[in-house]
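Chain and residue survey
One letter stands for each residue in the lines below.
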Protein chains: 2
Amino acid sequence: MDRIPILKIGEILLVSIQVDMDDHTALALQDDLTERIVDTHAHGVIIDITALDIVDSFIGRMLSTIASVSRVLDAETVVVGMRPAVAITLVELGLSLTGVRTALNVERGLELLGRNAPARAASLTDGIDDDAHSGTDTAAFTS
Amino acid sequence: MDRIPILKIGEILLVSIQVDMDDHTALALQDDLTERIVDTHAHGVIIDITALDIVDSFIGRMLSTIASVSRVLDAETVVVGMRPAVAITLVELGLSLTGVRTALNVERGLELLGRNAPARAASLTDGIDDDAHSGTDTAAFTS
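Residues numbered from 1 in each chain as written. Chains lettered and ligands numbered in written order. Predicted model: local features only at pLDDT ≥ 70, side-chain atom pairs only at ≥ 80, totals over all residues. Heavy atoms only, no water.

1. Topic: the overall build of chain A
When helices and strands are counted, chain A shows five helices and six strands. What you see in chain A, going N to C, is helices and strands ordered as β-β-α-β-α-β-α-β-α-α-β. Within chain A, the proportion of its 143 residues that are buried is 51%. In chain A, the share of contacts with a sequence separation of at least 24, taken over all contacts with a separation of at least 6, comes to 72%. Carbon and sulfur atoms provide 53% of the accessible area of chain A, an area that totals close to 6600 Å². (Helix = DSSP H or I, 4+ residues; strand = E, 2+ residues; numbered from the N terminus. Buried < 20%, exposed > 50% of the residue type's maximum accessible area, 1.4 Å probe, protein only. Contact = heavy atoms within 4.5 Å. Areas by Shrake-Rupley, 256 points an atom, 1.4 Å probe, with all protein chains shown as cover.)

2. With respect to the pairing of strand S4 (residues 76–80) of chain A
Moving residue by residue along a regular strand, the side chains alternate between the two faces of the sheet. Residues and elements named next belong to chain A. Among the five residues in S4, four count as buried, and that is most of the element. Relative to S4, strand S3 (residues 44–48) runs parallel, the two being bridged by five bridges. Residue Asp48 lies in a different strand from S4, and its bridge partner there is Val80. Judged from the three bridges that link them, S4 and strand S5 (residues 100–103) form a sheet pairing that is parallel. (Pairing = 2+ DSSP bridges.)

3. Some remarks on the packing of helix H1 (residues 23–40) of chain A against helix H2 (residues 57–72) of chain A
Residues and elements named next belong to chain A. Where H1 meets H2, the axes come as close as 10 Å, and the angle between the chain directions of the two elements is 15°. Between H1 and H2, the angle falls in the class roughly parallel. The way H1 lies across H2 gives a crossing that is right-handed. Two secondary-structure elements touch here, H1 through Asp23, Ala26, Leu29, Gln30, Leu33, Thr34 and Ile37 and H2 through Phe58, Met62, Thr65, Ile66, Val69 and Ser70. (Axes fitted to C-alpha atoms, helices over the stretch in contact; angles between N-to-C directions. Parallel < 35°, antiparallel > 145°, perpendicular 65-115°, else oblique. Left-handed = near helix turned anticlockwise from the far one by under 90°.)

4. Considerations on the UniProt feature "domain: STAS" (unreviewed entry) in chain A
UniProt tags residues 2–113 of chain A as "domain: STAS" (unreviewed entry). Here residues 2–113 of chain A is 46% helix and 21% strand, with 28 Å between the C-alpha atoms at its ends. (UniProt positions renumbered as here; feature names shortened; annotations may be inferred.)

5. Quick look at the pattern of salt bridges
Residues and elements named next belong to chain B. Summed over all chains, the structure comprises eight salt bridges over all chains. Of the charged contacts in the structure, one is a salt bridge between Asp53 and Arg83, with a shortest N-O distance of 2.6 Å. On the criterion of sequence distance, the pair formed by Asp53 in the loop between strand S3 (44–48) and helix H2 (57–72) and Arg83 in the loop between strand S4 (76–80) and helix H3 (84–93) is long-range, its members being 30 residues apart. A relative accessible area of 34% places Arg83 in the partly exposed class. Two residues, Glu76 and Arg101, come together in a salt bridge whose shortest N-O distance is 3.2 Å. Of the two residues, Glu76 is situated in strand S4 and Arg101 in strand S5 (residues 100–103); the sequence distance between them amounts to 25 residues. Assessed through its relative accessible area of 24%, Arg101 is described here as partly exposed. (Salt bridge = Lys/Arg side-chain N within 4 Å of Asp/Glu carboxyl O.)

Take a look at the structure:
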């Protein structure tokens, strides 16, 4: 189990990170993801980090790299499921997820990607309830 | 990271199993899933086992239990992403995933759940390409 599965939903690729990332796993994920984007013509990548207790500079850099590579391949990356504590630590440490967009959860991520590329992905979120959240659910971390 | 994240997409809950399951993890997953089904009024559960190289009787029983509990709560369970080798081993060992439905991948799983509860989930699969697969992509394992 050294590879993180990449799930395809419509034109979106979904990755749920649950294992501790090391160099090898990160590189493998990057390779696999790049290949899948090209193979499936995906226009969006959602990376779920619900399971992560810590996002250090290594993970941060990995997310930024994935976002940059995806962008070159015409796919946008959204990181979802960040825990409040992780968000606070990120800001306190001054870590910026360069070029990475974030959303509260997978549904919001799908919405975000749907808005930017309305064609087909939009229909993916048609049936989704708008929960009682308001305010800034999504933000672009750039520096 | 002792809990497996449960992602919500519309009225479907999505679980991607990537870690080795032990008693503790399996029980925690079962508890979390049951709670989430009630909280979110989900009508379907998709369990992705792409990352699993082996499905032994322990995992098989866990999947069956999850399916049974979910059914009591009016949610159908679909297992997706089973590797060919896993399928062969299951049959050879005579392990039956009692009451568990299977589909080739997440998209097929969403379609399957959409067909059975057409209301809202159907819109989730509207935009999804029909890949060049045919034949029996889905099957109900019962015994």
